[in-house]
2 protein chains.
Amino acid sequence: MSYTAPVKDMLFAIEHLANIEQIAQIPGFEDAGLDTAAAVLEECAKFNEGVLAPLNWEGDKNPSSWKDGVVTTTPGFKEAFRQYAEGGWQGLQHPADFGGQGLPKTIGAACIEMTNSANMSFALCPLLTDGAIEALLTAGSDELKATYLEKLVTGQWTGTMNLTEPQAGSDLALVRTRAEPQPDGTYKIFGTKIFITYGEHDMAENIIHLVLARVQGAPEGVKGISLFVVPKFMVNKDGSLGARNDAHCVSIEHKLGIKASPTAVLQFGDHGGAVGYLVGEENRGLEYMFIMMNAARYAVGMQGIAISERAYQKAVQYAKDRVQSRPVDGSIAASAPIIHHPDVKRMLMTMRATVEGCRAMATVAAAAFDAAHHHPDADTRKQNQAFYEFMVPLVKGYSTETSLEVTSLGVQVHGGMGFIEETGAAQYYRDAKILTIYEGTTAIQANDLVGRKTARDGGQVAKGIAAQIEKTEADLLASGTPAALAVAKRLTAARKALLDVIDFVAGGTKAQPNAVFAGSVPYLMLAGNVVAGWQLARSLLVAQDLLQKGQDEAFMRAKITTAQFYADHILVKAPGLRDSIVEGAASVTELALEAF
Amino acid sequence: MSYTAPVKDMLFAIEHLANIEQIAQIPGFEDAGLDTAAAVLEECAKFNEGVLAPLNWEGDKNPSSWKDGVVTTTPGFKEAFRQYAEGGWQGLQHPADFGGQGLPKTIGAACIEMTNSANMSFALCPLLTDGAIEALLTAGSDELKATYLEKLVTGQWTGTMNLTEPQAGSDLALVRTRAEPQPDGTYKIFGTKIFITYGEHDMAENIIHLVLARVQGAPEGVKGISLFVVPKFMVNKDGSLGARNDAHCVSIEHKLGIKASPTAVLQFGDHGGAVGYLVGEENRGLEYMFIMMNAARYAVGMQGIAISERAYQKAVQYAKDRVQSRPVDGSIAASAPIIHHPDVKRMLMTMRATVEGCRAMATVAAAAFDAAHHHPDADTRKQNQAFYEFMVPLVKGYSTETSLEVTSLGVQVHGGMGFIEETGAAQYYRDAKILTIYEGTTAIQANDLVGRKTARDGGQVAKGIAAQIEKTEADLLASGTPAALAVAKRLTAARKALLDVIDFVAGGTKAQPNAVFAGSVPYLMLAGNVVAGWQLARSLLVAQDLLQKGQDEAFMRAKITTAQFYADHILVKAPGLRDSIVEGAASVTELALEAF
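The model shown is predicted, which means the values in this text are computed figures rather than measured ones.

Peer 1: Before we move on, can you summarise the overall build of chain A with the specific residues and values?
Peer 2: The helix and strand tally for chain A stands at 20 helices and twelve strands. Overall, the C-alpha framework of chain A stretches about 80 × 60 × 55 Å when taken along its three principal axes. Across the 596 residues of chain A, 64% fall into the buried class. In chain A, once contacts between residues fewer than 6 apart in sequence are set aside, the share between residues at least 24 apart is 74%. Each charge class in chain A was averaged separately, 52 positive and 66 negative side chains, and the resulting centres sit 4 Å apart.

Listed below in structure tokens is the structure:
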């Protein structure tokens, strides 16, 4: 088996860190307790291990290809997508009204991880469709909903997000695609969009593009951007497909990774104008797009965890098989599997601890999302919403930045074989590199963390999280085991470092913006590191407890060791990051531009 | 221009850190002063910028290809190699007796950096040839020298190193290739070697393979390995080429990077036995091979610096061109080139400081090599040899590990464009990944650092370096400028961290080998970090001094800022690494194998 879903670790986080049984008390989620979670994850594991994982390397070898406007995906992808749709996986988290299953994100996120571990290139298609569904649910008219939602939710059609243009990447104020109002209430869309994931493909009957464009006469900048639905094929009143719309794929990119996922250049309106339908109100497009973006950002964070998990599993397998050199402690008097060598263990533990830490963080964030959207109590909703919003840039930024290191270590464990493409470790390394870039680069996430999530409320939410961490430290001290004390020491130092930085950021964005933003990404990395380490510290306490109850000894012992490793080798970086941010800003921005 | 050799920074290091004028006082190097260095570097820059750099992307697009045992290199490579040879670049550091120029490594290293920045795939051919030359110079008989050396030194023929076999990678004890003695004093070689860089190609008339093999009846393990010369074409007495030898390339690898460099599987003796000539004595092959390896390891370190420099230059260019978003400080009231954004500056500064720090370290190490090999005073030679040997794993390990981060940042600065292969940033990211693997993985370098370079002498050399660093701290304090004081603070903390680790390593390799080797790579990264930071601290002092003398203000100010950035953002990691190593060993090795 090339991929085995880490169901046990996922359920540990879902049960003990995210408290799924509490979520199951929220009206609408009555059936979404631990048993459901276990059943869904098992089924999901089966599908991803059996169907999607074996297609992953195939997708790298035989990427999507373009000819005369038509994109042909990797052999096997179309059939796999049919199975994905039929299994109901696209609709897992979407409302039953439109054919979905309405499960909480706490469960859905684990499934998204699996699909991305199995086949990240494939998973991008449903990931973008999720975004389109989200936008239509929030801002679409009843007519748009009726026409498009069920087909998207059931995986009959797929969706895309069209933001980027050659001159407008992170800076959407520069979007130039234009929309001309027509007498019948529709719009004609003209312009070029680039980097459109699954902007064209052969896996579904229709593709529903969600497109940012400016209505003629709209204000300059981001306040003049509207959102439109532009279907590839027009949809008749009875739901059948009509004429081809004037939206065409003129090329796809030749990329470092995720090669099976077609990245399209789309041309709108070269033959008279593409028919578009306004979503919500004019000039509020960016707001709606952010709904898609926020869902997508969380999902990209899951991709980071997913690719790291896959890289970890492959590295472990190789390290257990490959025989080379004697162990330094003389425990084996012959060449041994390289997993016996301390540095190989260090690499594997770094990968493992990072994955488990990020997964724990993301699972807890998902639970907050569920409570924020569905809890009957308004205060609880508000509190959870604030927590979730703080988590999104961390889940996205930290889980993806660390995936670069994890997949790099994955290659490294393989030695020379890692550099040979057929081994497969290099694919994860190449695939991962997009994750820190798309749906907002790490710097964009960090700007969000600094501006909207920290400075705006004077650091209140951030400090509230630090206070929760302090409680965990107290629990660790109360536990008093050597492992708990070791973790407490690092966690306390890390939390204090984080608090210093929160003050620096919250107090300085106006007075010294260059200094604060010079430390924005280090702040994101620090905060992600601390939150992931905190969740592993919680895991350690749970594991100690369950161990005493005689539950699954091997798993619990591993959890404790992994938490301690994280604390001693990853969380330990926190004070250094604090110093860089708080004391090191000057040297970041000091160099004259001409000197570069 | 896609690459501009950083001649000024190289000469700064050569003049002020490596003290070239002192090297020029060593007999044999009388003509190798600063003027010579400047002249050679200028000439070298011209060749690399003009001839090799433009072929780099071409090599990635049209890699070497294999057909029926014949390898065809990228169009343009053969002609470029002819020019390389005619320019005398292969012989730069080799003895005049064999057609070389006999220049010090202090100058030669800069040239190697340039060639690797310009075209790493191309540069591997001369890099391996250098190793072959080194081995023959040290251990070859007069006859072997007479037959092969001049042709190699002048670039008429090229050389290879044949160590790895499918079952024998880092663990050369497992080498199985066998050598059967023949009545005429030659040997017949039988076996398979893999990962042979430029093991077959069309750029030179002949290829001289240096092959590790076991003579029948030799002892088990590494003490039974001998080194052989196995030419592709037999060489007649008059130096002309004779029959094809029984050494054939059966395939080349499909790799993540350095695609233009053919990585061959070589089959020796499938048609009766390849003719081999013993180098030196039987069973001393590993010792000789280490001569090649040590030269090659240093050179691979230069490759790390080289690819980082190239990635940095490309990122700077993009950051100055790409317009996106307004600066956070409001200094420009419109979208601006992204170099104005603090996080982009942080990424560029990280790249720059890393490159300059590693270059400074490597240049100083090269000077020690020159003194170790050529200084008339035995004590000076010995002292410099010890310093150089300590530096080799740092130059190799630290400069290549950091090149992974630098080339990753290079992609990141480009945003989505970085993920598109045609942009070129991704090539550096892919190319760099081999550097932490070949010529001994980082873990192998770290073992060397721990075992031979630290534990063996009880940490004496390491502590001697720390004592030198302490002197630089005193100079910084005496200088008293804000930049000097800021750097002194970090350098002192880092040195103390290093000293703790030296004690931990020197004292523990026998009593607690697992604990010490669990921290071997972190120790290497710590030591490399501290030495690079130290050399930048020295650079800062020099720059302050020259600034006062009115010399090249812009350059000197940039040097000072870069040194401070390094201290505040990179050197600052040292105490955390110390804690991981000294206090965190248990959690590295604790997890049961079954739990992975």
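Now, onward.
Peer 1: Tell me what's going on with the packing of helix α17 (residues 520-548) of chain B against helix α19 (residues 574-583) of chain B, and back it up with residues and numbers.
Peer 2: Residue and element names in this part refer to chain B. Packing of α17 against α19 leaves a shortest axis separation of 10 Å and a crossing angle of 160°. Taken as axis vectors, α17 and α19 run roughly antiparallel relative to one another. Classified by chirality, the crossing of α19 by α17 is left-handed. Packed against α17, whose contacting residues are P522, Y523, M525 and L526, the element α19 presents A574, L577 and I581 at the interface. Among the residues making up the contact of α17 with α19, the classes are represented as seven nonpolar, no polar and no charged.

Peer 1: Outline the UniProt feature "domain: Acyl-CoA dehydrogenase/oxidase N-terminal" (unreviewed entry) in chain A, listing residues and values.
Peer 2: As annotated in UniProt, the feature "domain: Acyl-CoA dehydrogenase/oxidase N-terminal" (unreviewed entry) corresponds to residues 75-156 of chain A in the numbering used here. Span residues 75-156 of chain A is 68% helix and 0% strand, its end C-alpha atoms 19 Å apart.

Peer 1: For the relation of the copies chain A and chain B, give the residues involved together with the corresponding values.
Peer 2: When chain A is fitted to chain B, the residual RMSD is 0.0 Å, and the transformation amounts to a turn of 180° plus an axial shift of 0.0 Å. When the rotation and shift are considered jointly, the pair of chain copies conforms to a two-fold rotation axis. Both copies share a contact surface, since 100% of the interface residues of chain A are interface residues in chain B too.

Peer 1: Give a detailed account of unusual backbone geometry, specifying residues and quantitative values.
Peer 2: Residues and elements named next belong to chain B. Even without being a glycine, N283 presents a positive backbone phi close to 70°. Among the secondary structure elements, N283 is positioned in the loop between β12 (274-279) and α9 (285-321). The partly exposed category is assigned to N283, whose relative accessible area is 26%. You will see that D552, though not glycine, has its phi angle at about 40°, which is positive. Residue position: D552 is located in the loop between α17 and α18 (553-569). Using a relative accessible area of 32% as the deciding quantity, one classes D552 as partly exposed.

Peer 1: Which residues make up the side chain of D60(B), and what values go with them?
Peer 2: Residue and element names in this part refer to chain B. Counting through the fold element by element, D60 comes out in helix α4 (residues 56-61). Residue class for D60 comes out buried when judged on its relative accessible area of 9%. Here R430 takes part through its side chain, which lies 2.6 Å from a polar atom of the side chain of D60.

Peer 1: Which residues make up the domain arrangement of chain A, and what values go with them?
Peer 2: By the assigned domains, chain A splits into domain 1 (7-153), domain 2 (158-283) and domain 3 (443-588). Look at where the C-alpha atoms of domain 2 of chain A and domain 3 of chain A centre, and you get two points 41 Å apart.

Basis of the calculations
- Residues numbered from 1 in each chain as written.
- Chains lettered and ligands numbered in written order.
- Predicted model: local features only at pLDDT ≥ 70, side-chain atom pairs only at ≥ 80, totals over all residues.
- Heavy atoms only, no water.
- Helix = DSSP H or I, 4+ residues; strand = E, 2+ residues; numbered from the N terminus.
- Buried < 20%, exposed > 50% of the residue type's maximum accessible area, 1.4 Å probe, protein only.
- Contact = heavy atoms within 4.5 Å.
- Lys, Arg positive; Asp, Glu negative; His and termini not counted.
- Charge placed at Lys NZ, Arg CZ, Asp CG, Glu CD.
- Axes fitted to C-alpha atoms, helices over the stretch in contact; angles between N-to-C directions.
- Parallel < 35°, antiparallel > 145°, perpendicular 65-115°, else oblique.
- Left-handed = near helix turned anticlockwise from the far one by under 90°.
- Nonpolar A, V, L, I, M, F, W, Y, C, P; charged D, E, K, R; others polar.
- UniProt positions renumbered as here; feature names shortened; annotations may be inferred.
- Least-squares fit on C-alpha atoms with pLDDT ≥ 70 in both.
- Polar contact = N/O pair within 3.5 Å; in protein donor to acceptor, adjacent residues only side chain to side chain.
- Domains from an automatic or database assignment.

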